[in-house]
Protein chains: 2
Amino acid sequence: MNKNKEIRSAGLKVTRARRAILRILESKESMHASADDIHRKLIESADEIGIATIYRVLNQFVSAGICIRHNFETGQSLYELTPEHHHDHMVCLTTGKVIEFEDEMIERRQEKVANQKGYRIVDHSLVLYVEPLEK
Amino acid sequence: MNKNKEIRSAGLKVTRARRAILRILESKESMHASADDIHRKLIESADEIGIATIYRVLNQFVSAGICIRHNFETGQSLYELTPEHHHDHMVCLTTGKVIEFEDEMIERRQEKVANQKGYRIVDHSLVLYVEPLEK
DNA sequence: TTGGGTGCAAATTGTTTGCAATTGT
DNA sequence: ACAATTGCAAACAATTTGCACCCAA
């Protein structure tokens, strides 16, 4: 639960870079942040970390299960602390906002469909690209 | 339906490049092809087209609705002739094979979920990353 | 003829890597 | 102390773009 512990139990040293990056990912406004978003946020808080290190640490965090990588159609990858409850995403094309949602029925159907074809789901990605209703 | 017509009605000139690329996309083995796959296929058939042109034409085809672009987690984009019936994809992590599937119930739930949050779906992407069951 | 289309090479963008210097344990 | 980590710049991969030449309408 504690930041340092989370890093350590992934077999990684607790460094300024890792702590700083984890701090950004934990902030509400920066869940779903790109490597560059994180880089900028850190510069703002006068705590710059080299962009190469950010990419390296994010990859380590993904391997360690601390965060997950999303490949939306926005060009760059977005990172999110691994949520305890799985959920999918809606990306608003007008505002760029990312909305999380969860739907049990969809999850169940996915399993069923994969099994029918003779496969087991390892991972999946469901993204709805949306626009506000009224407008 | 005819190849030339499809190109022309998109407001594009019927050129060797466009015809060749469309031909590759139409072949069963090359639905879900990357720009580079197409490039290689064309070289094989002694009908090379510059890679830059391939990218340009694919973008025009996407804009014209002739084909769609998929961004699976494989690094490059894959292109597919716009299917008349919408379907989603399963990508086998073992073989790289892309399997198409369709599920009405999932589609309906997506609409419902988006509406509940106050949005209208413009597009969506559902990809199941799978492995063969027995193994 | 003539404006769109093409090839080539150079430019971009997002991300990774080699290496010397630095730091956590 | 010593291996792990970092920053910087160079390397990369996928895709885009500028420009001189070419070709469909």
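Above this text is the structure in question.
In what follows, the accompanying structure is described. Keep in mind it's a predicted model, so treat the numbers as computed, not measured. (Residues numbered from 1 in each chain as written. Chains lettered and ligands numbered in written order. Predicted model: local features only at pLDDT ≥ 70, side-chain atom pairs only at ≥ 80, totals over all residues. Heavy atoms only, no water.)

## Remarks on the protein's contact with DNA strand C
Point 1. With respect to spatial proximity, 20 residues lie near DNA strand C, and among them Y55(A), T15(B), R18(B), T53(B) and R56(B) are the closest.
Point 2. Near the protein, within 4 Å, the atoms of DNA strand C are sugar or phosphate in 66% of cases.
Point 3. Between V14(A) and DNA strand C, the recorded distance is 3.2 Å, taken from a backbone N or O atom to a phosphate oxygen. (Near = heavy atom within 4 Å. Polar contact = N/O pair within 3.5 Å; in protein donor to acceptor, adjacent residues only side chain to side chain.)

## What about the nonpolar core?
Point 1. Judged by nonpolar contacts, the single largest core of 24 residues is most densely connected at M90(A), L128(A), V130(A), M90(B), L128(B) and V130(B).
Point 2. At the level of elements, β3 (88-92), β4 (98-101), α5 (104-116) and β5 (119-132) of chain A together with β4 (88-92), β5 (98-101), α5 (104-116) and β6 (119-132) of chain B are the ones that each hand at least two residues to this core.
Point 3. Dropping the residues within four chain positions of it, V130(A) is found in contact with M90(A), V91(A), C92(A), L93(A), T94(A), A114(B), Y119(B), R120(B), I121(B) and V122(B). (Core = buried A, V, L, I, M, F, W, Y, C linked by side-chain atoms within 4.5 Å. Buried < 20%, exposed > 50% of the residue type's maximum accessible area, 1.4 Å probe, protein only. Helix = DSSP H or I, 4+ residues; strand = E, 2+ residues; numbered from the N terminus. Contact = heavy atoms within 4.5 Å.)

## Notes on the protein's contact with DNA strand D
Point 1. Around DNA strand D sit 20 residues, and of these T15(A), R18(A), T53(A), R56(A) and Y55(B) come closest.
Point 2. Counting only atoms of DNA strand D within 4 Å of the protein, the fraction found in sugar and phosphate groups is 69%.
Point 3. In the model, a phosphate oxygen of DNA strand D is placed 2.6 Å from a nitrogen or oxygen of the T15(A) side chain.
Point 4. Side-chain polar atom of R18(A) to a phosphate oxygen of DNA strand D: 2.7 Å apart, as the coordinates give it.
Point 5. The set of elements that each furnish at least two residues to the surface near DNA strand D consists of α2 (16-26) and α4 (51-64) of chain A together with α4 (51-64) of chain B.
Point 6. Across the surface near DNA strand D, the residue classes break down as 8 nonpolar, 6 polar and 6 charged. (Nonpolar A, V, L, I, M, F, W, Y, C, P; charged D, E, K, R; others polar.)

## So, the pattern of salt bridges
All names here are of chain A.
Point 1. In the structure shown here, the tally under the stated rule is 14 salt bridges over all chains.
Point 2. In this structure, D47 engages R16 in a salt bridge whose closest nitrogen and oxygen atoms are separated by 2.6 Å. On the criterion of sequence distance, the pair formed by D47 in the loop between α3 (35-44) and α4 and R16 in helix α2 is long-range, its members being 31 residues apart.
Point 3. Under the relative-accessibility criterion, D47 is labelled buried at 16%.
Point 4. A salt bridge links D37 to R40, with the nearest nitrogen and oxygen atoms 2.8 Å apart. Highlighted residues: D37 and R40, both in helix α3, separated by 3 residues, approximately one helical turn.
Point 5. Judged by its relative accessible area of 25%, D37 falls in the partly exposed class.
Point 6. By sharing partners, the salt bridges in this structure join R16, R23 and D47 into a single network. (Salt bridge = Lys/Arg side-chain N within 4 Å of Asp/Glu carboxyl O.)

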